[in-house]
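A closer look at the structure
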Amino acid sequence: METMTSPIVIERTGNSRLREIDFNNLEFGKHISDHMIVADWNKGNWSEPKVVPYGELRMSPSILALHYGQAVFEGMKAFHMKDGTINIFRPQKHHDRFNKSLVRMCMPTIPYEMFMMSLRALIEVDKDWVPTGEGSALYIRPLVFASEARLGVKVSDQYKFVILTSPVGPYYSKPLRLKIEEHFTRTAEGGTGFAKCAGNYGGAFYPTQLAKQEGFDQVLWTDHKEHQYVDEVGMMNVMFVIDGTLVTPELNSAILDGVTRDSILKIAREMGLKVEERRVSLDELEQAFISKSITEAFGAGTAAVVAPVAIVNFHGTDHHLPPIDASSIQLKMKHALLEIRTGAKPDTHGWNCIVRV
Ligand SMILES: *Cc1c(COP(=O)(O)O)cnc(C)c1O
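What counts, and where the lines are drawn
Residues numbered from 1 in each chain as written. Predicted model: local features only at pLDDT ≥ 70, side-chain atom pairs only at ≥ 80, totals over all residues. Heavy atoms only, no water. Domains from an automatic or database assignment. Contact = heavy atoms within 4.5 Å. Buried area = accessible area lost by both parts, 1.4 Å probe. Salt bridge = Lys/Arg side-chain N within 4 Å of Asp/Glu carboxyl O. Polar contact = N/O pair within 3.5 Å; in protein donor to acceptor, adjacent residues only side chain to side chain. Helix = DSSP H or I, 4+ residues; strand = E, 2+ residues; numbered from the N terminus. Buried < 20%, exposed > 50% of the residue type's maximum accessible area, 1.4 Å probe, protein only. Pairing = 2+ DSSP bridges. Expected span 1.5 Å × (residues − 1). Near = heavy atom within 4 Å. Areas by Shrake-Rupley, 256 points an atom, 1.4 Å probe, with all protein chains shown as cover.

1. Structural notes on the domain arrangement of the protein chain
Domain boundaries assigned for the protein chain yield domain 1 (2-170 + 345-355) and domain 2 (176-324). Summarising the inter-unit geometry, the C-alpha centres of domain 1 and domain 2 are found 28 Å apart. On the side of domain 2, 21 residues touch domain 1, which itself brings 20 residues to the contact. For the domain 1 and domain 2 pair, buried surface summed over both sides reaches about 1,700 Å², with 62% attributable to carbon and sulfur atoms. The largest per-residue losses of area from domain 1 upon contact with domain 2 belong to Phe 73, Arg 97 and Arg 104, which jointly make up 34% of the total buried on that side. For the pair domain 1 and domain 2, the number of links is two salt bridges. Across the salt bridge formed by Asp 262 and Arg 90, the nearest N and O atoms sit 2.8 Å from each other. In this structure, the connection of domain 1 to domain 2 is made through twelve residue pairs in polar contact (both at pLDDT 80 or more). Looking at the side of domain 1 that touches domain 2, the element that brings in the most residues is helix 2 (residues 91-104), giving six residues.

2. Points about the pairing of strand 8 (residues 137-146)
Burial within strand 8 is extensive, with eight of its ten residues counted as buried. As paired strands, strand 5 (residues 71-73) and strand 8 are joined by three bridges and run antiparallel to one another. Of the residues in strand 8, the one forming a bridge with Ala 71 is Phe 145. In this sheet, strand 8 lies alongside strand 6 (residues 76-80) in antiparallel orientation, the contact comprising three bridges. Within the sheet, the bridge partner assigned to Lys 77 lies in strand 8 and is Tyr 139. Bridge count between strand 8 and strand 9 (residues 159-168): ten bridges; the pairing is antiparallel. Opposite Ile 140, over in strand 9, you have Thr 165 as the bridge partner.

3. Observations regarding the side chain of Thr 260
Within the secondary structure, Thr 260 is located in helix 5 (residues 259-270). Assessed through its relative accessible area of 3%, Thr 260 is described here as buried. Not counting chain neighbours up to four residues away, the residues in contact with Thr 260 comprise Ala 300, Gly 301, Thr 302, Val 305 and Leu 337.

4. Overview of helix 3 (residues 112-125)
A rise of 1.5 Å per residue sets the reference length of helix 3, with its 14 residues, at 20 Å; its end C-alpha atoms lie 20 Å apart and thus fit the reference within 8%. Every buried residue of helix 3 is accounted for by Met 114, Phe 115, Met 116, Ser 118, Leu 119, Ala 121, Leu 122, Ile 123 and Val 125.

5. Let's talk about the site of the ligand
Neighbouring the ligand are 15 residues, the closest being Lys 196, Tyr 201, Glu 232, Thr 260 and Thr 302. Lys 196 is positioned with one of its side-chain polar atoms (N or O) 2.7 Å from an oxygen atom of the ligand. Within the side chain of Thr 302, an N or O atom sits 2.6 Å from an oxygen atom of the ligand. Protein contacts shield 96% of the accessible area of the ligand, which totals 380 Å² for the unbound molecule. Residue assignment for the shell around the ligand shows that the elements contributing at least two residues are helix 2 and helix 5.

Given below as structure tokens:
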């Protein structure tokens, strides 16, 4: 692996916006911290990443990302620890997924050391942007996009690597009403579903908007062939509790390998819960609602951690889940994760990456 010897160059803003932020009312993604990381890929190499004031980038309207969709991102979080340090949660797994997405989109990967040095430098500079309130965090958005300016269809020879951060509060999702999507698909096996690429989101908006017009909050995505097996919910992995067992669709190339999904499955197994990763059919789900053996359904992802489901609609009929309470598995998982991330419980998995500030 390449080693970076020189420290990251930092150009500080003379005009911090920190005082304008109401840390008690943080709307997800609304405020972007004072600084960002920028690096450029040119002639087969990444330039040294720099910390610069957050602001506009000058771009040609012909950059290839805008026309042919070479754009990949990540979403992760940093937390304030009880001892005053800052913890980036599972950056190694996020980095690994970032590179898998980049390879799928014919884009240059980011060396691990470059990724970690950039994250550390950025968070050290903007440490005061990491909120301290319970359940709040600094959301971190690394991204790479094709920046070569030309119109011909081709794999870009130039890219930009950027990291932005944004303080976010605790995310209370109102329990979701789900429409089972039996017409549209988010992705297909063999496609780009496992990659966090911009196009997956662009293609998911329309079916989601139709579902919202019909009074739903989100779509329960099913497989592209038969529309019979569950893939994900909205832009989250989906989990069910059936007969006391935590059940989630097994990964395939159409499903994103969520870090939250992976963390919850590991914690659940350690707590002695029965966990199953396998195909989950709509028939099984409908039967589980009829027999009342399904007690929970929830989305799992970095932004919300867990997002409870209230209703799943099967062919015009609403099936209700019981309201969540303190004994709900999804809340236990959420709290267990938070305790590890903030240092209240030991990090036995090596998930925490401490930044000393
Ligand atoms: C980001 C994302 C998730 C959740 O992944 P985490 O690593 O847990 O944040 C799930 N599904 C899709 C489609 C996503 O883009």
